[in-house]
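The lines below spell out each chain.
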Amino acid sequence: MFYGNKLLNFLSSIRELSKFEYKALHRKKFFGVIWKFLNPLFMMTIYSIVFSYLYSGGNRGFVITIGILIFSGISSTLNSSTNWLQPKILNFSESKRSLSIYFFSKIYYNFVPIFYLLPVMVVVQQVIFNSGFQFTLIESFTIYLKFILFIPALIIYCYFLTIPLSIMSKKIPDLKELIPHFLRVVLYMSPILWVAKTNNIILDTIIQGLNPFYFIFEITNWIIYRYYDISQISFILPIILLSFNYLYYFKKNKFVINIREVSYLG
Amino acid sequence: MDNKLIISNGNFFYKNVKTYNLKKAESKNNQNSLVLKNLNLELESNKIYGIIGKNGAGKSTLMKLLFGILKLNSGTFIQNYNRVKLLDSPNFYHTELNSFDNFKAIYILENNDNFNSEDYQNKLNTFKYLTQLSESELIKPISNLSSGTKSKIGFALTFTFVEGIDMLGLDEFFNFGDKEFKEFSSNVIKEKINHVGTAVIVSHSMELIKNICDKTILIHNSEINSVDDTNEVVEKYLNL
(Lines give C-alpha, C1' and ligand atoms only; values in the text may rest on other atoms or scores of the structure.)
Protein backbone atom coordinates (compact mmCIF):
# COMPACT_ATOMS: atom_id res chain seq x y z
CA MET A 1 0.00 0.00 0.00
CA PHE A 2 2.83 2.35 0.97
CA TYR A 3 4.67 1.66 -2.29
CA GLY A 4 1.39 2.00 -4.19
CA ASN A 5 0.89 5.51 -2.78
CA LYS A 6 4.48 6.40 -3.52
CA LEU A 7 4.09 5.25 -7.12
CA LEU A 8 0.82 7.15 -7.57
CA ASN A 9 2.42 10.28 -6.16
CA PHE A 10 5.40 9.82 -8.46
CA LEU A 11 3.17 9.41 -11.53
CA SER A 12 0.97 12.38 -10.72
CA SER A 13 4.08 14.53 -10.10
CA ILE A 14 5.35 13.61 -13.57
CA ARG A 15 2.02 14.52 -15.14
CA GLU A 16 1.76 17.83 -13.27
CA LEU A 17 5.30 18.84 -14.18
CA SER A 18 4.80 18.04 -17.85
CA LYS A 19 1.72 20.33 -17.83
CA PHE A 20 4.02 23.22 -16.96
CA GLU A 21 6.19 22.23 -19.90
CA TYR A 22 3.18 22.60 -22.22
CA LYS A 23 2.12 25.84 -20.66
CA ALA A 24 5.59 27.35 -21.01
CA LEU A 25 6.24 26.31 -24.59
CA HIS A 26 2.86 27.19 -26.07
CA ARG A 27 2.03 30.28 -24.01
CA LYS A 28 2.46 32.81 -26.80
CA LYS A 29 0.63 30.83 -29.52
CA PHE A 30 -2.99 31.53 -30.48
CA PHE A 31 -3.97 27.84 -30.26
CA GLY A 32 -1.65 27.36 -27.27
CA VAL A 33 -1.30 23.81 -25.98
CA ILE A 34 -3.63 22.47 -28.70
CA TRP A 35 -0.65 22.56 -31.13
CA LYS A 36 0.94 19.65 -29.35
CA PHE A 37 -2.04 17.56 -30.49
CA LEU A 38 -2.69 19.29 -33.78
CA ASN A 39 0.82 18.62 -35.12
CA PRO A 40 0.70 14.81 -34.83
CA LEU A 41 -2.96 14.83 -35.88
CA PHE A 42 -2.06 16.61 -39.12
CA MET A 43 0.86 14.26 -39.59
CA MET A 44 -1.33 11.19 -39.05
CA THR A 45 -4.03 12.48 -41.36
CA ILE A 46 -1.46 13.08 -44.12
CA TYR A 47 0.12 9.64 -43.67
CA SER A 48 -3.27 7.93 -43.55
CA ILE A 49 -4.36 9.58 -46.80
CA VAL A 50 -1.01 9.03 -48.56
CA PHE A 51 -0.63 5.37 -47.60
CA SER A 52 -4.24 4.33 -47.97
CA TYR A 53 -5.42 6.15 -51.11
CA LEU A 54 -2.42 7.52 -53.02
CA TYR A 55 -0.03 4.60 -52.58
CA SER A 56 -2.68 1.92 -52.03
CA GLY A 57 -0.67 0.52 -49.13
CA GLY A 58 -3.65 -1.48 -47.94
CA ASN A 59 -3.50 -2.44 -44.29
CA ARG A 60 0.26 -1.69 -44.24
CA GLY A 61 -0.69 2.00 -44.23
CA PHE A 62 -2.06 1.55 -40.73
CA VAL A 63 1.25 0.09 -39.46
CA ILE A 64 3.16 2.93 -41.11
CA THR A 65 0.93 5.57 -39.53
CA ILE A 66 1.11 4.06 -36.02
CA GLY A 67 4.84 3.38 -36.43
CA ILE A 68 5.58 6.96 -37.43
CA LEU A 69 3.46 8.26 -34.55
CA ILE A 70 5.48 6.19 -32.06
CA PHE A 71 8.74 7.05 -33.77
CA SER A 72 7.97 10.77 -33.50
CA GLY A 73 7.69 10.35 -29.71
CA ILE A 74 11.05 8.56 -29.53
CA SER A 75 12.82 10.93 -31.89
CA SER A 76 11.58 14.16 -30.24
CA THR A 77 12.57 12.71 -26.84
CA LEU A 78 16.09 11.75 -27.91
CA ASN A 79 16.67 14.95 -29.87
CA SER A 80 15.58 17.23 -27.06
CA SER A 81 17.33 15.22 -24.34
CA THR A 82 20.70 16.55 -25.48
CA ASN A 83 19.66 19.93 -24.06
CA TRP A 84 18.00 18.86 -20.82
CA LEU A 85 21.00 19.28 -18.56
CA GLN A 86 21.61 22.89 -17.60
CA PRO A 87 23.33 24.40 -14.55
CA LYS A 88 19.96 25.52 -13.16
CA ILE A 89 18.94 21.88 -12.72
CA LEU A 90 21.31 21.75 -9.74
CA ASN A 91 19.37 24.46 -7.93
CA PHE A 92 16.42 22.19 -7.42
CA SER A 93 17.29 18.66 -8.39
CA GLU A 94 20.01 16.89 -6.54
CA SER A 95 18.18 13.81 -5.37
CA LYS A 96 17.41 10.67 -7.32
CA ARG A 97 13.68 11.33 -7.00
CA SER A 98 13.86 14.93 -8.26
CA LEU A 99 16.05 14.04 -11.21
CA SER A 100 13.88 11.06 -12.13
CA ILE A 101 10.72 13.16 -12.05
CA TYR A 102 12.44 15.87 -14.11
CA PHE A 103 13.52 13.37 -16.79
CA PHE A 104 10.29 11.39 -16.83
CA SER A 105 8.21 14.57 -17.15
CA LYS A 106 10.28 15.63 -20.18
CA ILE A 107 9.86 12.19 -21.79
CA TYR A 108 6.16 12.00 -20.94
CA TYR A 109 5.70 15.43 -22.51
CA ASN A 110 6.92 14.01 -25.83
CA PHE A 111 4.71 10.92 -25.58
CA VAL A 112 1.45 12.53 -24.45
CA PRO A 113 0.10 13.06 -28.00
CA ILE A 114 0.38 9.31 -28.60
CA PHE A 115 -1.94 8.56 -25.66
CA TYR A 116 -4.51 11.00 -27.03
CA LEU A 117 -4.19 9.98 -30.66
CA LEU A 118 -4.38 6.20 -30.18
CA PRO A 119 -8.19 6.23 -29.81
CA VAL A 120 -8.30 8.31 -32.99
CA MET A 121 -6.22 5.60 -34.66
CA VAL A 122 -8.76 2.94 -33.69
CA VAL A 123 -11.38 4.91 -35.58
CA VAL A 124 -9.00 5.50 -38.52
CA GLN A 125 -8.22 1.79 -38.64
CA GLN A 126 -11.88 0.83 -38.69
CA VAL A 127 -12.89 3.46 -41.26
CA ILE A 128 -9.91 3.56 -43.65
CA PHE A 129 -7.72 0.49 -43.19
CA ASN A 130 -10.06 -2.35 -42.30
CA SER A 131 -10.57 -3.94 -45.70
CA GLY A 132 -7.44 -6.12 -45.33
CA PHE A 133 -7.61 -6.63 -41.57
CA GLN A 134 -11.32 -7.40 -41.19
CA PHE A 135 -11.04 -6.57 -37.47
CA THR A 136 -14.14 -6.45 -35.31
CA LEU A 137 -14.57 -3.46 -33.02
CA ILE A 138 -13.47 -5.58 -30.04
CA GLU A 139 -10.30 -6.65 -31.88
CA SER A 140 -9.49 -3.01 -32.70
CA PHE A 141 -10.11 -2.08 -29.09
CA THR A 142 -7.80 -4.90 -27.91
CA ILE A 143 -5.05 -3.49 -30.14
CA TYR A 144 -5.62 -0.10 -28.53
CA LEU A 145 -5.33 -1.58 -25.02
CA LYS A 146 -2.09 -3.35 -25.94
CA PHE A 147 -0.62 -0.07 -27.13
CA ILE A 148 -1.74 1.70 -23.95
CA LEU A 149 0.30 -0.86 -21.98
CA PHE A 150 3.20 -0.77 -24.41
CA ILE A 151 3.76 3.01 -24.42
CA PRO A 152 4.63 3.30 -20.66
CA ALA A 153 7.20 0.52 -21.18
CA LEU A 154 8.59 2.58 -24.04
CA ILE A 155 8.77 5.67 -21.80
CA ILE A 156 10.78 3.68 -19.25
CA TYR A 157 13.11 2.43 -22.02
CA CYS A 158 13.62 6.04 -23.15
CA TYR A 159 14.36 7.04 -19.54
CA PHE A 160 17.24 4.58 -19.38
CA LEU A 161 18.58 5.89 -22.68
CA THR A 162 18.09 9.64 -22.27
CA ILE A 163 19.89 10.12 -18.96
CA PRO A 164 23.18 8.66 -20.28
CA LEU A 165 22.63 10.49 -23.58
CA SER A 166 22.11 13.85 -21.82
CA ILE A 167 25.26 13.31 -19.77
CA MET A 168 27.30 12.29 -22.82
CA SER A 169 25.99 15.25 -24.85
CA LYS A 170 27.40 17.59 -22.24
CA LYS A 171 30.80 15.93 -22.49
CA ILE A 172 30.72 15.58 -26.29
CA PRO A 173 28.62 18.49 -27.66
CA ASP A 174 28.95 17.14 -31.23
CA LEU A 175 26.43 14.47 -30.30
CA LYS A 176 23.71 17.12 -30.58
CA GLU A 177 24.47 17.31 -34.30
CA LEU A 178 24.83 13.56 -34.79
CA ILE A 179 21.68 12.36 -33.03
CA PRO A 180 19.19 13.69 -35.66
CA HIS A 181 21.15 11.92 -38.43
CA PHE A 182 21.28 8.72 -36.42
CA LEU A 183 17.52 8.89 -35.87
CA ARG A 184 16.90 9.47 -39.57
CA VAL A 185 18.86 6.31 -40.41
CA VAL A 186 17.07 4.39 -37.66
CA LEU A 187 13.66 5.44 -39.03
CA TYR A 188 14.43 3.91 -42.43
CA MET A 189 16.04 0.85 -40.84
CA SER A 190 13.05 0.05 -38.63
CA PRO A 191 10.14 -2.14 -39.69
CA ILE A 192 7.84 0.83 -40.19
CA LEU A 193 8.12 1.62 -43.90
CA TRP A 194 9.49 -1.81 -44.82
CA VAL A 195 10.48 -4.99 -42.97
CA ALA A 196 14.14 -5.96 -43.12
CA LYS A 197 13.62 -9.69 -43.58
CA THR A 198 15.34 -10.18 -46.91
CA ASN A 199 16.66 -13.73 -46.33
CA ASN A 200 20.14 -12.24 -46.62
CA ILE A 201 21.33 -13.26 -43.15
CA ILE A 202 24.22 -10.77 -42.96
CA LEU A 203 22.12 -7.80 -44.08
CA ASP A 204 19.19 -8.71 -41.85
CA THR A 205 21.45 -9.23 -38.84
CA ILE A 206 23.11 -5.85 -39.34
CA ILE A 207 19.83 -3.98 -39.75
CA GLN A 208 18.00 -5.78 -36.96
CA GLY A 209 20.93 -6.18 -34.60
CA LEU A 210 22.39 -2.67 -34.74
CA ASN A 211 19.17 -0.74 -34.35
CA PRO A 212 18.24 -0.12 -30.69
CA PHE A 213 14.65 0.67 -31.72
CA TYR A 214 14.01 -2.16 -34.18
CA PHE A 215 12.39 -4.33 -31.49
CA ILE A 216 9.88 -1.56 -30.68
CA PHE A 217 8.46 -1.70 -34.18
CA GLU A 218 8.62 -5.47 -34.22
CA ILE A 219 6.33 -5.35 -31.18
CA THR A 220 4.18 -2.74 -32.99
CA ASN A 221 3.78 -5.11 -35.92
CA TRP A 222 3.08 -8.00 -33.56
CA ILE A 223 0.34 -6.02 -31.80
CA ILE A 224 -1.35 -5.09 -35.07
CA TYR A 225 -1.01 -8.31 -37.06
CA ARG A 226 -2.59 -11.51 -35.76
CA TYR A 227 0.48 -13.55 -36.71
CA TYR A 228 3.91 -11.99 -36.83
CA ASP A 229 7.38 -13.50 -36.69
CA ILE A 230 9.26 -11.28 -34.23
CA SER A 231 13.00 -10.84 -34.81
CA GLN A 232 14.81 -12.11 -31.72
CA ILE A 233 18.12 -10.57 -32.79
CA SER A 234 16.58 -7.12 -32.40
CA PHE A 235 16.35 -7.61 -28.62
CA ILE A 236 20.09 -8.20 -28.12
CA LEU A 237 21.33 -4.62 -28.54
CA PRO A 238 18.65 -3.09 -26.26
CA ILE A 239 19.53 -5.65 -23.55
CA ILE A 240 23.25 -4.82 -23.90
CA LEU A 241 22.49 -1.08 -23.84
CA LEU A 242 20.28 -1.34 -20.77
CA SER A 243 22.83 -3.50 -18.93
CA PHE A 244 25.65 -1.10 -19.79
CA ASN A 245 23.63 1.95 -18.75
CA TYR A 246 22.60 0.25 -15.52
CA LEU A 247 26.19 -0.57 -14.61
CA TYR A 248 27.66 2.80 -15.53
CA TYR A 249 24.85 5.21 -14.71
CA PHE A 250 22.08 3.72 -12.59
CA LYS A 251 23.73 1.26 -10.20
CA LYS A 252 24.10 2.98 -6.83
CA ASN A 253 22.52 6.08 -8.45
CA LYS A 254 25.76 7.08 -10.15
CA PHE A 255 23.81 9.26 -12.57
CA VAL A 256 23.09 11.77 -9.78
CA ILE A 257 26.83 12.42 -9.36
CA ASN A 258 27.40 12.36 -13.12
CA ILE A 259 24.67 14.93 -13.70
CA ARG A 260 26.06 17.13 -10.95
CA GLU A 261 29.50 17.08 -12.55
CA VAL A 262 28.47 17.70 -16.15
CA SER A 263 25.80 20.31 -15.45
CA TYR A 264 28.55 22.86 -14.82
CA LEU A 265 30.08 22.19 -18.24
CA GLY A 266 29.67 24.65 -21.06
CA MET B 1 31.91 16.00 15.03
CA ASP B 2 32.34 19.38 13.34
CA ASN B 3 32.14 19.65 9.57
CA LYS B 4 35.45 20.52 8.03
CA LEU B 5 37.04 21.34 4.72
CA ILE B 6 40.82 21.34 4.42
CA ILE B 7 43.03 21.80 1.39
CA SER B 8 46.76 21.49 1.90
CA ASN B 9 49.53 22.04 -0.64
CA GLY B 10 46.93 21.97 -3.40
CA ASN B 11 47.75 22.66 -7.05
CA PHE B 12 45.41 22.86 -9.97
CA PHE B 13 46.51 22.85 -13.63
CA TYR B 14 44.80 23.99 -16.81
CA LYS B 15 44.76 20.47 -18.25
CA ASN B 16 42.11 19.63 -15.72
CA VAL B 17 39.74 22.24 -17.10
CA LYS B 18 40.34 21.22 -20.71
CA THR B 19 36.90 19.72 -20.96
CA TYR B 20 35.31 22.81 -19.52
CA ASN B 21 34.88 24.31 -22.97
CA LEU B 22 38.11 26.22 -23.06
CA LYS B 23 39.15 27.04 -26.58
CA LYS B 24 41.29 24.25 -27.97
CA ALA B 25 44.29 26.49 -28.67
CA GLU B 26 44.08 28.05 -25.26
CA SER B 27 44.04 24.71 -23.50
CA LYS B 28 46.96 23.46 -25.63
CA ASN B 29 49.12 26.48 -24.92
CA ASN B 30 48.40 26.36 -21.24
CA GLN B 31 48.37 22.63 -20.82
CA ASN B 32 50.60 22.71 -17.80
CA SER B 33 50.17 26.27 -16.56
CA LEU B 34 48.85 26.58 -13.06
CA VAL B 35 45.45 28.04 -12.39
CA LEU B 36 45.82 27.83 -8.63
CA LYS B 37 48.95 26.87 -6.73
CA ASN B 38 50.08 26.29 -3.16
CA LEU B 39 46.53 26.14 -1.87
CA ASN B 40 46.35 25.90 1.90
CA LEU B 41 42.94 26.53 3.32
CA GLU B 42 40.79 25.41 6.21
CA LEU B 43 37.16 26.42 6.40
CA GLU B 44 35.56 26.62 9.82
CA SER B 45 31.96 25.56 10.27
CA ASN B 46 29.17 28.08 10.87
CA LYS B 47 31.07 30.81 9.09
CA ILE B 48 30.39 32.73 5.92
CA TYR B 49 33.37 33.09 3.61
CA GLY B 50 33.78 35.48 0.72
CA ILE B 51 36.10 34.90 -2.22
CA ILE B 52 37.42 37.99 -3.95
CA GLY B 53 39.98 38.67 -6.64
CA LYS B 54 40.38 40.24 -10.04
CA ASN B 55 38.67 38.87 -13.16
CA GLY B 56 40.22 35.55 -14.13
CA ALA B 57 42.00 35.19 -10.79
CA GLY B 58 40.46 31.75 -10.24
CA LYS B 59 37.57 32.53 -7.88
CA SER B 60 35.07 30.24 -9.61
CA THR B 61 37.74 27.56 -10.02
CA LEU B 62 38.44 27.62 -6.29
CA MET B 63 34.68 27.43 -5.68
CA LYS B 64 34.42 24.34 -7.90
CA LEU B 65 37.39 22.77 -6.08
CA LEU B 66 35.76 23.41 -2.71
CA PHE B 67 32.53 21.81 -3.86
CA GLY B 68 34.28 18.79 -5.35
CA ILE B 69 33.32 19.57 -8.95
CA LEU B 70 36.97 19.91 -9.97
CA LYS B 71 39.74 17.77 -8.51
CA LEU B 72 43.19 18.94 -7.41
CA ASN B 73 46.19 17.74 -9.43
CA SER B 74 48.25 17.45 -6.30
CA GLY B 75 47.79 18.07 -2.61
CA THR B 76 45.23 16.94 -0.07
CA PHE B 77 41.52 17.64 -0.04
CA ILE B 78 39.40 16.66 2.95
CA GLN B 79 35.71 17.47 3.10
CA ASN B 80 33.17 15.80 5.34
CA TYR B 81 30.01 17.84 4.77
CA ASN B 82 26.92 15.75 4.11
CA ARG B 83 24.94 17.94 1.73
CA VAL B 84 26.59 20.65 -0.32
CA LYS B 85 24.97 22.91 -2.87
CA LEU B 86 26.63 25.29 -5.30
CA LEU B 87 24.35 27.82 -6.95
CA ASP B 88 25.46 29.98 -9.83
CA SER B 89 22.14 31.20 -11.16
CA PRO B 90 18.72 31.99 -9.68
CA ASN B 91 16.24 29.18 -9.43
CA PHE B 92 13.75 29.27 -12.33
CA TYR B 93 12.02 26.22 -13.71
CA HIS B 94 10.95 28.08 -16.85
CA THR B 95 11.04 31.80 -17.61
CA GLU B 96 7.88 31.55 -19.75
CA LEU B 97 5.90 30.61 -16.64
CA ASN B 98 4.75 33.03 -13.96
CA SER B 99 6.26 33.04 -10.47
CA PHE B 100 3.55 30.86 -8.93
CA ASP B 101 3.89 28.20 -11.64
CA ASN B 102 7.66 28.25 -11.20
CA PHE B 103 7.14 27.82 -7.48
CA LYS B 104 4.73 24.91 -8.04
CA ALA B 105 7.12 23.19 -10.47
CA ILE B 106 9.99 23.40 -8.01
CA TYR B 107 7.72 22.29 -5.17
CA ILE B 108 6.86 19.15 -7.18
CA LEU B 109 10.55 18.42 -7.74
CA GLU B 110 11.47 19.00 -4.12
CA ASN B 111 8.39 17.52 -2.44
CA ASN B 112 5.22 16.32 -4.19
CA ASP B 113 2.21 17.68 -6.08
CA ASN B 114 -0.05 18.06 -3.06
CA PHE B 115 -0.88 21.75 -3.33
CA ASN B 116 -3.40 21.55 -0.48
CA SER B 117 -0.92 20.55 2.18
CA GLU B 118 0.10 22.73 5.10
CA ASP B 119 3.73 22.46 4.04
CA TYR B 120 2.84 23.84 0.61
CA GLN B 121 1.01 26.81 2.14
CA ASN B 122 3.91 27.55 4.50
CA LYS B 123 6.44 27.44 1.70
CA LEU B 124 4.21 29.58 -0.52
CA ASN B 125 3.97 32.22 2.21
CA THR B 126 7.75 32.13 2.68
CA PHE B 127 8.20 32.51 -1.06
CA LYS B 128 5.85 35.51 -1.25
CA TYR B 129 7.58 37.15 1.70
CA LEU B 130 11.05 36.61 0.22
CA THR B 131 10.11 38.20 -3.12
CA GLN B 132 8.87 41.40 -1.42
CA LEU B 133 6.62 41.80 -4.49
CA SER B 134 2.88 42.29 -5.01
CA GLU B 135 0.61 39.51 -6.37
CA SER B 136 0.19 41.43 -9.63
CA GLU B 137 3.93 41.08 -10.30
CA LEU B 138 3.91 37.42 -9.35
CA ILE B 139 1.27 36.44 -11.90
CA LYS B 140 3.23 37.83 -14.84
CA PRO B 141 5.47 35.47 -16.86
CA ILE B 142 9.06 35.84 -15.65
CA SER B 143 10.25 36.74 -19.16
CA ASN B 144 8.07 39.89 -19.08
CA LEU B 145 9.65 41.23 -15.88
CA SER B 146 12.56 43.63 -15.38
CA SER B 147 15.94 42.14 -14.50
CA GLY B 148 15.71 43.48 -10.94
CA THR B 149 12.32 41.82 -10.39
CA LYS B 150 13.60 38.58 -11.95
CA SER B 151 16.49 38.60 -9.47
CA LYS B 152 14.09 39.01 -6.57
CA ILE B 153 11.95 36.08 -7.72
CA GLY B 154 15.02 33.94 -8.44
CA PHE B 155 16.35 34.70 -4.99
CA ALA B 156 13.01 33.84 -3.35
CA LEU B 157 12.58 30.62 -5.34
CA THR B 158 16.08 29.53 -4.38
CA PHE B 159 15.99 30.37 -0.70
CA THR B 160 12.48 29.04 -0.08
CA PHE B 161 13.85 25.60 -0.82
CA VAL B 162 17.28 25.82 0.80
CA GLU B 163 16.92 23.35 3.64
CA GLY B 164 19.17 20.82 5.28
CA ILE B 165 22.27 21.96 3.39
CA ASP B 166 25.60 21.80 5.27
CA MET B 167 27.56 23.86 2.86
CA LEU B 168 26.21 26.44 0.46
CA GLY B 169 28.06 28.13 -2.39
CA LEU B 170 26.86 31.22 -4.25
CA ASP B 171 28.93 32.02 -7.32
CA GLU B 172 28.18 35.56 -8.60
CA PHE B 173 24.61 34.84 -7.61
CA PHE B 174 23.74 38.39 -6.59
CA ASN B 175 23.16 41.16 -8.99
CA PHE B 176 20.44 43.27 -7.43
CA GLY B 177 20.36 46.95 -8.27
CA ASP B 178 17.84 47.78 -5.56
CA LYS B 179 19.74 48.76 -2.39
CA GLU B 180 16.81 47.98 -0.11
CA PHE B 181 16.44 44.46 -1.46
CA LYS B 182 20.18 43.91 -1.32
CA GLU B 183 20.05 44.58 2.41
CA PHE B 184 16.96 42.43 2.85
CA SER B 185 18.46 39.52 0.91
CA SER B 186 21.77 39.82 2.80
CA ASN B 187 19.94 39.39 6.08
CA VAL B 188 17.95 36.42 4.77
CA ILE B 189 21.11 34.70 3.59
CA LYS B 190 22.82 35.35 6.89
CA GLU B 191 19.87 33.86 8.74
CA LYS B 192 19.62 30.87 6.39
CA ILE B 193 23.32 30.19 6.54
CA ASN B 194 23.28 30.17 10.30
CA HIS B 195 20.89 27.26 9.93
CA VAL B 196 22.76 25.47 7.19
CA GLY B 197 26.39 25.68 8.32
CA THR B 198 29.16 27.05 6.15
CA ALA B 199 28.70 29.24 3.12
CA VAL B 200 31.08 30.50 0.48
CA ILE B 201 30.23 33.50 -1.67
CA VAL B 202 31.96 34.73 -4.80
CA SER B 203 31.10 38.30 -5.66
CA HIS B 204 32.49 41.45 -7.20
CA SER B 205 30.35 43.51 -4.84
CA MET B 206 32.57 44.52 -1.94
CA GLU B 207 29.50 45.95 -0.26
CA LEU B 208 27.84 42.55 -0.25
CA ILE B 209 31.00 40.77 0.90
CA LYS B 210 31.47 43.25 3.75
CA ASN B 211 27.82 42.97 4.68
CA ILE B 212 27.59 39.20 4.89
CA CYS B 213 30.97 37.52 5.18
CA ASP B 214 32.76 36.74 8.43
CA LYS B 215 36.01 35.95 6.68
CA THR B 216 37.27 36.54 3.17
CA ILE B 217 39.69 34.74 0.88
CA LEU B 218 41.72 36.90 -1.49
CA ILE B 219 43.11 35.26 -4.62
CA HIS B 220 45.97 37.02 -6.33
CA ASN B 221 48.62 35.76 -8.78
CA SER B 222 47.12 32.26 -8.78
CA GLU B 223 47.54 31.93 -5.02
CA ILE B 224 45.51 32.42 -1.92
CA ASN B 225 46.96 35.73 -0.81
CA SER B 226 45.12 35.93 2.50
CA VAL B 227 42.27 34.47 4.51
CA ASP B 228 41.27 36.84 7.25
CA ASP B 229 38.72 39.22 8.67
CA THR B 230 36.60 40.58 5.80
CA ASN B 231 37.27 44.30 6.31
CA GLU B 232 41.05 43.78 6.36
CA VAL B 233 41.06 41.56 3.28
CA VAL B 234 38.80 43.88 1.29
CA GLU B 235 41.06 46.81 2.22
CA LYS B 236 44.07 44.80 1.03
CA TYR B 237 42.35 43.92 -2.22
CA LEU B 238 41.42 47.53 -2.95
CA ASN B 239 45.03 48.58 -2.45
CA LEU B 240 46.45 45.93 -4.81
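Let us look at the structure shown here. (Residues numbered from 1 in each chain as written. Chains lettered and ligands numbered in written order. Predicted model: local features only at pLDDT ≥ 70, side-chain atom pairs only at ≥ 80, totals over all residues.)

With that settled, consider the overall build of chain A. Within chain A one finds twelve helices and zero strands. Secondary structure of chain A in N-to-C order comes out as α-α-α-α-α-α-α-α-α-α-α-α. Against the 2.2 N^0.38 benchmark of 18 Å for 266 residues, chain A shows a C-alpha radius of gyration of 19 Å, consistent with a compact globule. Summarising its shape, the C-alpha atoms of chain A cover approximately 55 × 50 × 40 Å along the three principal directions. Sorting the 266 residues of chain A into buried and exposed places 35% on the buried side. Taking contacts inside chain A between residues at least 6 apart in sequence as the whole, the part at least 24 apart equals 72%. (Helix = DSSP H or I, 4+ residues; strand = E, 2+ residues; numbered from the N terminus. Rg over C-alpha atoms; globule rule 2.2 N^0.38 Å. Buried ≥ 20, exposed ≤ 12 C-beta atoms within 10 Å, placed from the backbone. Contact = placed C-beta atoms within 7 Å.)

Turning our attention to the interface of chain B and chain A. Each partner contributes residues to the interface: chain B has 26 residues there, and chain A has 23 residues. No other element matches the six residues that helix α3 (residues 99-110) of chain B contributes to the side of chain B that touches chain A. Class assignment of the residues belonging to the side of chain B that touches chain A gives a composition of twelve nonpolar, seven polar and seven charged. (Nonpolar A, V, L, I, M, F, W, Y, C, P; charged D, E, K, R; others polar.)

Let's shift gears to helix α3 (residues 60-81) of chain A. Each α-helix turn comprises 3.6 residues. Residues three or four places apart therefore point the same way. If you check α3(A), its first and last C-alpha atoms are 31 Å apart, about what 22 residues at 1.5 Å a residue would give, namely 32 Å. Counting buried residues in α3(A) gives 16 out of 22 residues, a clear majority hidden from the surface. (Expected span 1.5 Å × (residues − 1).)

So, about the packing of helix α4 (residues 118-131) of chain B against helix α6 (residues 147-160) of chain B. Residues and elements named next belong to chain B. Relative to each other, α4 and α6 sit at 145°, their axes nearing to 8 Å. For the pair α4 and α6, the sense of crossing is right-handed. Along its contact with α4, which presents K123, T126, F127, L130 and T131, the element α6 presents K152, I153, F155, A156, L157, F159 and T160. Its residues assigned to classes, the contact of α4 with α6 comprises seven nonpolar, three polar and two charged. (Axes fitted to C-alpha atoms, helices over the stretch in contact; angles between N-to-C directions. Left-handed = near helix turned anticlockwise from the far one by under 90°.)

Bringing the pairing of strand β9 (residues 223-229) of chain B into the picture now. Residues and elements named next belong to chain B. For strand β8 (residues 215-220) and β9, the ladder comprises six bridges, and the chain directions are antiparallel. Residue I219 lies in a different strand from β9, and its bridge partner there is I224. Between β8 and the antiparallel strand that follows it, β9, lie two residues; N221 among them carries a positive phi value of about 50°. (Pairing = 2+ DSSP bridges.)

What follows deals with the sheet that holds strand β6 (residues 167-171) of chain B. Residue and element names in this part refer to chain B. With respect to topology, six strands assemble into an open sheet ordered β5-β6-β7-β3-β8-β9, the strand pairing being mixed. Looking at the sheet topology across the chains shown, the edges are occupied by β5 (84-87) and β9. Neighbour to neighbour, the strand axes of the sheet diverge by 15° on average, direction disregarded. With five bridges joining them, strand β3 (residues 48-53) and β8 adopt parallel strand pairing. Each bridged residue has a counterpart across the sheet, and for I51 the counterpart in β8 is I217.

The next thing to look at is the environment of A24(A). In this structure, A24(A) sits in helix α1 (residues 2-26). Taking the C-alpha atoms as reference, A24(A) lies 26 Å from Y157(A); in sequence the two are 133 residues apart. Residues within four places of A24(A) in sequence aside, it is in contact with H94(B), E96(B) and L97(B).

Here the focus is the packing of helix α2 (residues 35-54) of chain A against helix α5 (residues 96-127) of chain A. Residues and elements named next belong to chain A. For the pair α2 and α5, the least separation of the axes is 10 Å and the interaxial angle reads 35°. Crossing hand, α2 versus α5: right-handed. Contacts from K36, F37, P40, L41, M44 and S48 of α2 reach α5 at V112, P113, Y116, L117 and V124. Residue composition of the contact of α2 with α5, grouped by class: nine nonpolar, one polar and one charged.

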